[in-house]
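# Per-entry structural report
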Amino acid sequence: RIIAQVLVSVGTVVGRAFFAAYKQAAANAAAGGGPAAAARGSGKEGVVDALTRKTGMSMEEACQILNISKDADLAQLTKNYEHLFNVNESAKGGSFYLQSKVVRAKERFEME
């Protein structure tokens, strides 16, 4: 009898959680969110958002990592990239993670 009560209680909790998640997903879809809205895009903002989703990094974050402004020239980008890449080299005691972030930041900047 106790096992049956536990199963019914767990089933009720899980059922309510699924129902709440479904309601939230339906509300998001009605508000224009989700994959369909991302695919449609809305002009330049849609393209920028798509690039941010694709790379996992915003343009602001890329600029902060590379220590440059959005309107920096290619020479400054290359100089900062090479310096940060070499400083974070694993063989020199640097961080592979930070080196990867530097590479991704450069890729994001070049996509813009």
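This report concerns the structure included in the present document. (Residues numbered from 1 in each chain as written. Predicted model: local features only at pLDDT ≥ 70, side-chain atom pairs only at ≥ 80, totals over all residues. Heavy atoms only, no water.)

Let's shift gears to the overall build of the protein. Looking only at helices and strands, the protein features six helices and zero strands. Secondary structure elements of the protein, listed N to C terminal, follow the sequence α-α-α-α-α-α. In the protein, which comprises 112 residues, the share counted as buried stands at 17%. In the protein, 51% of the contacts between residues at least 6 apart in sequence involve partners at least 24 apart. Surface accessibility of the protein: about 8200 Å² in total, with carbon and sulfur atoms responsible for 61%. (Helix = DSSP H or I, 4+ residues; strand = E, 2+ residues; numbered from the N terminus. Buried < 20%, exposed > 50% of the residue type's maximum accessible area, 1.4 Å probe, protein only. Contact = heavy atoms within 4.5 Å. Areas by Shrake-Rupley, 256 points an atom, 1.4 Å probe, with all protein chains shown as cover.)

This brings us to unusual backbone geometry. Note: most residues except glycine have negative phi, and most peptide bonds are trans. Of note, Asn-67 is a non-glycine position whose phi angle comes to about 60°, a positive value. Relative to the elements of secondary structure, Asn-67 occurs in the loop between helix H4 (59-66) and helix H5 (74-87).

Grouped together as the largest cluster of nonpolar side chains are 12 residues: Met-57, Met-59, Ala-62, Cys-63, Leu-66, Ile-68, Ala-72, Leu-77, Tyr-81, Val-102, Ala-105 and Phe-109. Sorting the residues of this core by element identifies H4, H5 and helix H6 (96-111) as the ones contributing at least two each. Looking at this core element by element, the count peaks at four residues for H4. In this structure Ile-68 touches Cys-63, Gln-76, Leu-77, Asn-80 and Phe-109, once residues within four positions along its chain are discounted. (Core = buried A, V, L, I, M, F, W, Y, C linked by side-chain atoms within 4.5 Å.)

Time to look at H6. The terminal C-alpha atoms of H6, which comprises 16 residues, lie 23 Å apart, in line with the 22 Å expected from a rise of 1.5 Å per residue. Of the positions making up H6, those classed as buried are Gln-99, Val-102, Ala-105, Arg-108 and Phe-109. With a side-chain oxygen lying 3.3 Å from the backbone nitrogen of Tyr-97, the N-terminal cap of H6 falls on Ser-95. (Expected span 1.5 Å × (residues − 1). Polar contact = N/O pair within 3.5 Å; in protein donor to acceptor, adjacent residues only side chain to side chain.)

The next point concerns the packing of aromatic side chains. Taken as a whole and judged by the stated rule, the model has one aromatic pair. On the basis of an interplanar angle of 35° and a centroid distance of 5.6 Å, the ring pair of Tyr-81 and Phe-85 is categorised as tilted. Placement of the pair is Tyr-81 and Phe-85 together in helix H5, with a separation of four residues, close to one helical turn. (Phe/Tyr/Trp six-rings, centres within 6.5 Å; stacked < 30°, edge-to-face > 60°.)

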